[in-house]
Amino acid sequence: MPPPNPPAAVTSAPDWLQLQRIVLFTGAGLSAESGVPTYRGAGGIWRDYRYQDYACQRAFEHDPVKVLDFHALRRASVQACAPHAGHAHIRQMQARHPGIRVITQNIDGLLQRAGVAVDAELHGSLWRLRCPVHGVQADAAAAEFASRRCRHCPPATAPWLRPDITWFEDAVDADLFEHAAMLVDDAELFVGIGTSGAVWPAAGFAERARRRGARMIEINPEDNEASALYDERLRLPASQGLPALFPLDRP
Ligand code: NAD
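If you're wondering where the values come from, they're calculated on a predicted model, not measured in any experiment. (Residues numbered from 1 in each chain as written. Predicted model: local features only at pLDDT ≥ 70, side-chain atom pairs only at ≥ 80, totals over all residues. Heavy atoms only, no water.)

Undergrad: Before we move on, can you summarise the side chain of Ser227 with the specific residues and values?
TA: One can find Ser227 in the loop between strand S8 (215-219) and strand S9 (232-234). The residues touching Ser227, leaving out its near neighbours within four places in the chain, are Glu218, Glu222, Arg233 and Arg235. (Helix = DSSP H or I, 4+ residues; strand = E, 2+ residues; numbered from the N terminus. Contact = heavy atoms within 4.5 Å.)

See the structure below:
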(Lines give C-alpha, C1' and ligand atoms only; values in the text may rest on other atoms or scores of the structure.)
Protein backbone atom coordinates (compact mmCIF):
# COMPACT_ATOMS: atom_id res chain seq x y z
CA MET A 1 0.00 0.00 0.00
CA PRO A 2 1.30 3.51 -0.74
CA PRO A 3 2.00 5.71 2.27
CA PRO A 4 -0.68 8.18 3.38
CA ASN A 5 -0.59 11.56 1.68
CA PRO A 6 2.31 13.66 2.87
CA PRO A 7 1.76 17.31 3.70
CA ALA A 8 1.85 19.75 0.78
CA ALA A 9 5.64 19.82 0.62
CA VAL A 10 8.26 17.75 -1.09
CA THR A 11 9.45 15.16 1.39
CA SER A 12 12.12 13.43 -0.64
CA ALA A 13 12.56 15.33 -3.85
CA PRO A 14 15.16 13.80 -6.14
CA ASP A 15 17.86 16.12 -7.41
CA TRP A 16 16.25 16.48 -10.80
CA LEU A 17 19.33 17.89 -12.47
CA GLN A 18 21.14 14.60 -11.74
CA LEU A 19 18.50 12.52 -13.52
CA GLN A 20 18.74 11.74 -17.23
CA ARG A 21 15.13 11.41 -18.26
CA ILE A 22 12.04 12.97 -16.74
CA VAL A 23 8.51 12.74 -18.15
CA LEU A 24 5.95 15.38 -17.27
CA PHE A 25 2.49 13.99 -17.95
CA THR A 26 0.03 16.83 -17.95
CA GLY A 27 -3.76 17.13 -17.91
CA ALA A 28 -6.48 19.74 -17.85
CA GLY A 29 -5.53 20.77 -14.28
CA LEU A 30 -2.31 22.30 -15.60
CA SER A 31 -4.41 24.84 -17.49
CA ALA A 32 -6.89 25.45 -14.66
CA GLU A 33 -4.88 28.37 -13.25
CA SER A 34 -4.97 30.00 -16.68
CA GLY A 35 -8.76 29.92 -16.48
CA VAL A 36 -9.39 27.01 -18.88
CA PRO A 37 -12.10 24.79 -17.37
CA THR A 38 -11.26 21.16 -16.56
CA TYR A 39 -13.62 18.30 -17.49
CA ARG A 40 -14.11 17.05 -13.98
CA GLY A 41 -14.60 18.89 -10.74
CA ALA A 42 -16.16 22.29 -10.12
CA GLY A 43 -16.64 24.27 -13.34
CA GLY A 44 -16.10 21.24 -15.60
CA ILE A 45 -17.47 21.94 -19.07
CA TRP A 46 -19.43 18.68 -19.46
CA ARG A 47 -21.72 19.89 -16.70
CA ASP A 48 -23.02 22.53 -19.13
CA TYR A 49 -22.70 20.72 -22.49
CA ARG A 50 -23.59 17.12 -23.38
CA TYR A 51 -20.60 15.66 -25.20
CA GLN A 52 -23.04 13.62 -27.35
CA ASP A 53 -24.21 16.91 -28.89
CA TYR A 54 -20.85 18.66 -29.23
CA ALA A 55 -17.84 16.38 -29.09
CA CYS A 56 -18.20 13.19 -31.06
CA GLN A 57 -18.11 12.29 -34.75
CA ARG A 58 -21.83 11.47 -34.77
CA ALA A 59 -22.71 14.96 -33.54
CA PHE A 60 -20.40 16.46 -36.18
CA GLU A 61 -22.05 14.47 -38.96
CA HIS A 62 -25.50 15.33 -37.68
CA ASP A 63 -24.96 19.07 -37.19
CA PRO A 64 -21.46 20.27 -38.20
CA VAL A 65 -22.28 23.94 -37.73
CA LYS A 66 -23.38 23.45 -34.13
CA VAL A 67 -20.25 21.40 -33.34
CA LEU A 68 -17.92 23.87 -35.11
CA ASP A 69 -19.59 26.81 -33.35
CA PHE A 70 -18.91 25.10 -30.02
CA HIS A 71 -15.23 24.61 -30.91
CA ALA A 72 -14.93 28.18 -32.13
CA LEU A 73 -16.18 29.25 -28.71
CA ARG A 74 -13.65 27.01 -27.00
CA ARG A 75 -10.83 28.46 -29.11
CA ALA A 76 -11.96 31.97 -28.27
CA SER A 77 -12.10 31.20 -24.55
CA VAL A 78 -8.63 29.60 -24.63
CA GLN A 79 -7.28 32.52 -26.67
CA ALA A 80 -8.47 34.86 -23.92
CA CYS A 81 -6.39 32.89 -21.37
CA ALA A 82 -2.64 33.15 -20.95
CA PRO A 83 -0.04 30.59 -19.86
CA HIS A 84 0.75 30.89 -16.14
CA ALA A 85 3.88 30.55 -14.00
CA GLY A 86 3.66 26.73 -14.07
CA HIS A 87 3.86 26.66 -17.88
CA ALA A 88 6.78 29.10 -17.78
CA HIS A 89 8.51 26.94 -15.18
CA ILE A 90 8.42 23.96 -17.53
CA ARG A 91 9.97 26.08 -20.29
CA GLN A 92 12.75 27.10 -17.89
CA MET A 93 13.28 23.48 -16.85
CA GLN A 94 13.72 22.49 -20.50
CA ALA A 95 16.25 25.28 -20.90
CA ARG A 96 18.26 23.82 -17.99
CA HIS A 97 17.87 20.13 -18.78
CA PRO A 98 17.75 18.34 -22.17
CA GLY A 99 15.97 15.28 -20.74
CA ILE A 100 12.61 16.88 -19.87
CA ARG A 101 9.90 15.26 -21.98
CA VAL A 102 6.35 16.58 -22.00
CA ILE A 103 3.37 14.38 -22.79
CA THR A 104 0.08 16.23 -22.61
CA GLN A 105 -3.58 15.37 -22.78
CA ASN A 106 -4.38 19.03 -23.25
CA ILE A 107 -5.69 20.38 -26.52
CA ASP A 108 -5.45 24.08 -25.66
CA GLY A 109 -1.92 24.85 -26.94
CA LEU A 110 -0.99 26.78 -23.78
CA LEU A 111 2.24 24.84 -23.27
CA GLN A 112 3.37 25.75 -26.78
CA ARG A 113 2.34 29.36 -26.24
CA ALA A 114 4.61 29.37 -23.18
CA GLY A 115 7.50 28.14 -25.35
CA VAL A 116 7.50 24.55 -24.08
CA ALA A 117 8.61 21.81 -26.50
CA VAL A 118 5.80 19.24 -26.35
CA ASP A 119 6.73 15.68 -27.29
CA ALA A 120 3.20 14.29 -27.61
CA GLU A 121 -0.19 15.97 -27.74
CA LEU A 122 -2.12 12.81 -27.08
CA HIS A 123 -5.55 14.19 -27.83
CA GLY A 124 -4.66 16.61 -30.63
CA SER A 125 -5.10 20.34 -30.70
CA LEU A 126 -7.92 22.85 -30.94
CA TRP A 127 -5.56 24.81 -33.20
CA ARG A 128 -5.34 22.28 -36.01
CA LEU A 129 -7.99 21.20 -38.52
CA ARG A 130 -8.44 17.95 -40.37
CA CYS A 131 -9.87 17.24 -43.84
CA PRO A 132 -11.23 13.74 -44.51
CA VAL A 133 -9.40 13.79 -47.88
CA HIS A 134 -6.18 15.71 -47.17
CA GLY A 135 -5.65 14.89 -43.52
CA VAL A 136 -4.32 17.27 -40.87
CA GLN A 137 -3.84 20.87 -41.96
CA ALA A 138 -1.09 21.82 -39.58
CA ASP A 139 -0.80 25.17 -41.34
CA ALA A 140 -4.50 26.03 -41.02
CA ALA A 141 -4.84 29.78 -41.08
CA ALA A 142 -7.51 32.06 -39.65
CA ALA A 143 -9.24 31.92 -43.06
CA GLU A 144 -9.81 28.18 -42.78
CA PHE A 145 -11.08 28.46 -39.25
CA ALA A 146 -13.52 31.03 -40.62
CA SER A 147 -14.52 29.24 -43.88
CA ARG A 148 -14.54 25.80 -42.21
CA ARG A 149 -13.82 24.22 -45.60
CA CYS A 150 -10.67 22.60 -47.01
CA ARG A 151 -8.81 24.89 -49.37
CA HIS A 152 -7.15 21.95 -51.16
CA CYS A 153 -10.50 20.45 -52.22
CA PRO A 154 -12.56 21.77 -55.16
CA PRO A 155 -14.67 24.59 -53.70
CA ALA A 156 -17.97 23.06 -54.84
CA THR A 157 -17.36 19.82 -52.94
CA ALA A 158 -14.99 20.91 -50.18
CA PRO A 159 -15.94 19.01 -47.01
CA TRP A 160 -16.23 20.47 -43.52
CA LEU A 161 -12.93 20.58 -41.68
CA ARG A 162 -13.14 19.08 -38.20
CA PRO A 163 -10.91 20.00 -35.29
CA ASP A 164 -7.89 17.70 -35.09
CA ILE A 165 -8.76 16.49 -31.63
CA THR A 166 -9.74 13.14 -30.20
CA TRP A 167 -13.43 13.34 -29.51
CA PHE A 168 -15.41 10.98 -27.34
CA GLU A 169 -15.74 7.58 -29.08
CA ASP A 170 -12.80 8.33 -31.47
CA ALA A 171 -9.82 5.99 -31.69
CA VAL A 172 -6.57 7.51 -30.45
CA ASP A 173 -3.55 8.07 -32.69
CA ALA A 174 -1.76 4.72 -32.32
CA ASP A 175 1.64 5.96 -33.61
CA LEU A 176 1.63 8.90 -31.25
CA PHE A 177 0.73 6.69 -28.29
CA GLU A 178 3.55 4.32 -29.22
CA HIS A 179 5.99 7.23 -29.29
CA ALA A 180 4.74 8.41 -25.88
CA ALA A 181 5.05 4.87 -24.52
CA MET A 182 8.72 4.82 -25.55
CA LEU A 183 9.34 8.03 -23.64
CA VAL A 184 7.53 6.67 -20.59
CA ASP A 185 9.50 3.42 -20.68
CA ASP A 186 12.71 5.45 -20.59
CA ALA A 187 11.73 7.74 -17.73
CA GLU A 188 13.49 7.63 -14.37
CA LEU A 189 11.00 10.09 -12.95
CA PHE A 190 7.34 10.38 -14.01
CA VAL A 191 5.40 13.40 -12.79
CA GLY A 192 1.63 13.52 -13.26
CA ILE A 193 0.43 17.13 -13.23
CA GLY A 194 -3.25 18.09 -13.11
CA THR A 195 -4.72 14.87 -14.39
CA SER A 196 -7.50 12.81 -12.84
CA GLY A 197 -6.26 9.61 -14.50
CA ALA A 198 -9.81 8.87 -15.59
CA VAL A 199 -9.43 9.14 -19.38
CA TRP A 200 -8.16 5.99 -21.06
CA PRO A 201 -5.95 4.86 -22.69
CA ALA A 202 -3.86 7.94 -21.72
CA ALA A 203 -4.35 7.15 -18.04
CA GLY A 204 -2.45 3.90 -18.59
CA PHE A 205 0.85 5.79 -18.89
CA ALA A 206 1.07 6.29 -15.13
CA GLU A 207 0.61 2.58 -14.51
CA ARG A 208 3.13 1.81 -17.24
CA ALA A 209 5.74 4.13 -15.76
CA ARG A 210 5.27 2.59 -12.33
CA ARG A 211 5.63 -0.93 -13.73
CA ARG A 212 8.86 0.14 -15.49
CA GLY A 213 10.27 1.29 -12.17
CA ALA A 214 10.09 5.08 -12.58
CA ARG A 215 9.89 7.16 -9.45
CA MET A 216 6.33 8.54 -9.39
CA ILE A 217 5.25 11.98 -8.18
CA GLU A 218 1.83 13.61 -8.52
CA ILE A 219 1.09 17.34 -8.49
CA ASN A 220 -2.62 17.86 -7.94
CA PRO A 221 -4.51 19.73 -5.21
CA GLU A 222 -6.98 16.84 -4.99
CA ASP A 223 -6.88 13.11 -4.57
CA ASN A 224 -8.20 10.86 -7.36
CA GLU A 225 -8.33 7.18 -8.24
CA ALA A 226 -4.90 7.25 -9.88
CA SER A 227 -3.21 8.89 -6.87
CA ALA A 228 -2.34 5.52 -5.36
CA LEU A 229 0.08 4.92 -8.27
CA TYR A 230 2.35 7.71 -7.07
CA ASP A 231 5.09 7.41 -4.45
CA GLU A 232 4.64 11.01 -3.45
CA ARG A 233 1.69 13.36 -3.84
CA LEU A 234 2.05 17.12 -3.76
CA ARG A 235 -1.32 18.59 -2.90
CA LEU A 236 -0.53 21.89 -4.56
CA PRO A 237 -1.66 23.70 -7.71
CA ALA A 238 0.70 23.26 -10.65
CA SER A 239 2.15 26.78 -10.40
CA GLN A 240 3.38 26.01 -6.86
CA GLY A 241 4.07 22.29 -7.17
CA LEU A 242 6.42 22.62 -10.14
CA PRO A 243 8.90 25.07 -8.53
CA ALA A 244 8.68 23.12 -5.24
CA LEU A 245 9.69 19.92 -7.00
CA PHE A 246 12.06 21.36 -9.57
CA PRO A 247 13.90 24.34 -8.06
CA LEU A 248 15.75 26.33 -10.70
CA ASP A 249 18.21 28.00 -8.37
CA ARG A 250 20.49 24.97 -7.94
CA PRO A 251 23.95 25.28 -9.45
P1 NAD B 1 -9.64 16.14 -15.71
O2 NAD B 1 -10.54 17.30 -15.98
O3 NAD B 1 -10.23 14.78 -15.70
O4 NAD B 1 -8.96 16.35 -14.29
C5 NAD B 1 -8.32 17.54 -13.97
C6 NAD B 1 -7.47 17.32 -12.73
O7 NAD B 1 -6.76 18.52 -12.49
C8 NAD B 1 -8.29 16.99 -11.47
O9 NAD B 1 -7.72 15.85 -10.88
C10 NAD B 1 -8.08 18.23 -10.59
O11 NAD B 1 -8.01 17.91 -9.23
C12 NAD B 1 -6.74 18.76 -11.10
N13 NAD B 1 -6.49 20.18 -10.90
C14 NAD B 1 -7.40 21.18 -10.80
N15 NAD B 1 -6.76 22.35 -10.62
C16 NAD B 1 -5.42 22.09 -10.63
C17 NAD B 1 -4.26 22.89 -10.51
N18 NAD B 1 -4.32 24.21 -10.34
N19 NAD B 1 -3.06 22.29 -10.56
C20 NAD B 1 -2.97 20.94 -10.73
N21 NAD B 1 -4.04 20.14 -10.86
C22 NAD B 1 -5.25 20.71 -10.81
O23 NAD B 1 -8.42 16.25 -16.71
P24 NAD B 1 -7.60 15.15 -17.53
O25 NAD B 1 -7.12 14.09 -16.60
O26 NAD B 1 -6.63 15.90 -18.35
O27 NAD B 1 -8.66 14.44 -18.48
C28 NAD B 1 -9.55 15.22 -19.20
C29 NAD B 1 -9.52 15.06 -20.69
O30 NAD B 1 -10.13 16.22 -21.17
C31 NAD B 1 -8.17 15.05 -21.33
O32 NAD B 1 -8.21 14.02 -22.22
C33 NAD B 1 -8.05 16.35 -22.11
O34 NAD B 1 -7.77 16.07 -23.47
C35 NAD B 1 -9.39 16.95 -22.10
N36 NAD B 1 -9.46 18.36 -21.65
C37 NAD B 1 -8.48 19.23 -22.02
C38 NAD B 1 -8.54 20.54 -21.58
C39 NAD B 1 -7.43 21.48 -22.00
O40 NAD B 1 -6.83 21.29 -23.06
N41 NAD B 1 -7.14 22.49 -21.18
C42 NAD B 1 -9.58 20.98 -20.77
C43 NAD B 1 -10.57 20.07 -20.43
C44 NAD B 1 -10.49 18.75 -20.87
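Undergrad: Account for the layout of surface pockets, with residues named and values stated.
TA: Roughly 180 Å³ of internal volume is contained in the second largest pocket. Breaking the lining of the second largest pocket down by element, the ones donating at least two residues are strand S4 (124-131) and strand S6 (162-165). Here the lining of the second largest pocket is built from residues that sort into five nonpolar, three polar and seven charged. Among the domains, domain 1 (1-36 + 84-123 + 172-251) and domain 2 (38-80 + 128-165) are the pair contributing at least three residues each to the lining of the second largest pocket. (1 Å grid on protein atoms, 1.4 Å probe; cavity = no way out; pocket = protein on both sides within 12 Å on 5 of 7 lines; lining within 4 Å. Points joined across faces, edges and corners; volume = space filled by probe spheres on them. Nonpolar A, V, L, I, M, F, W, Y, C, P; charged D, E, K, R; others polar. Domains from an automatic or database assignment.)

Undergrad: Explain the environment of Arg128 to me, using residue names and the numbers behind them.
TA: Within the fold, Arg128 resides in strand S4. Remark: the alpha-carbon pair of Arg128 and Leu161, spanning 33 residues in sequence, is separated by 9.6 Å. Ignoring sequence-local partners within four residues, the contact set of Arg128 consists of Glu121, Val136, Gln137, Ala138, Phe145, Arg162, Pro163 and Asp164. A polar side-chain atom of Arg128 sits 2.9 Å from a polar atom in the side chain of Glu121. (Polar contact = N/O pair within 3.5 Å; in protein donor to acceptor, adjacent residues only side chain to side chain.)

Undergrad: Let's hear about helix H5 (residues 85-96): which residues, and what values?
TA: With 12 residues, H5 extends 16 Å between its outermost C-alpha atoms, agreeing within 8% with the 16 Å of an ideal straight helix rising 1.5 Å per residue. Among all positions of H5, only Gly86, His87, His89, Ile90, Met93 and Gln94 are buried. Projected down its long axis, H5 shows its buried positions confined to an angular sector of 155°, all on one face. Opposite the buried face of H5, by more than 90 degrees, sit the exposed residues Ala85 and Ala95. Looking at the packing, one finds that the buried side of H5 touches strand S1 (22-26), helix H1 (28-32), strand S2 (100-104), helix H6 (110-113) and helix H10 (238-245). (Expected span 1.5 Å × (residues − 1). Buried < 20%, exposed > 50% of the residue type's maximum accessible area, 1.4 Å probe, protein only. Arc of directions from axis to C-beta.)

Undergrad: Tell me about the pattern of salt bridges, residues and numbers included.
TA: This model, assessed by the stated rule, comprises 13 salt bridges. Here Asp164 ties to Arg130 by a salt bridge, and the two come within 2.9 Å at their closest N and O atoms. Of this pair, Asp164 sits in strand S6 while Arg130 sits in strand S4, and the two are 34 residues apart along the sequence. By relative accessible area, which is 9% here, Asp164 ends up buried. Judged by relative accessible area, Arg130 falls into the partly exposed class, the value being 27%. Taken together, the salt bridges that share partners define one network made up of Glu121, Arg128, Arg130 and Asp164. (Salt bridge = Lys/Arg side-chain N within 4 Å of Asp/Glu carboxyl O.)

Undergrad: Give me the nonpolar core: which residues, what numbers.
TA: In a soluble, globular protein the nonpolar side chains are often hidden away together inside. With 22 residues, the main nonpolar core has Ile22, Leu24, Ile90, Val191, Ile193, Leu242 and Phe246 as its most contacted residues. When neighbours within four sequence positions are excluded, Val191 is seen to be in contact with Val23, Leu24, Phe25, Ile217, Ile219, Leu245 and Phe246. One finds Leu122, Ala180, Phe190 and Ala206 within the second-largest nonpolar core, a separate group that totals 19 residues. (Core = buried A, V, L, I, M, F, W, Y, C linked by side-chain atoms within 4.5 Å.)

Undergrad: Please set out the sheet that holds S4 residue by residue, giving values where relevant.
TA: Judged by pairing direction, the sheet is antiparallel, and its three strands sit side by side in the order S5-S4-S6 without closing on themselves. The sheet terminates laterally at strand S5 (135-137) and S6, the two strands that pair on one side only. Each neighbouring strand pair of the sheet contributes to a mean axis angle of 55°, computed without reference to strand direction. With three bridges connecting them, S4 and S5 associate as antiparallel partners. Paired with Arg130 across the two strands is Val136, which belongs to S5. This element, helix H4 (residues 64-79), spans S4 and S6 of the sheet and lies at about 145° to S4. (Pairing = 2+ DSSP bridges. Axes fitted to C-alpha atoms, helices over the stretch in contact; angles between N-to-C directions.)

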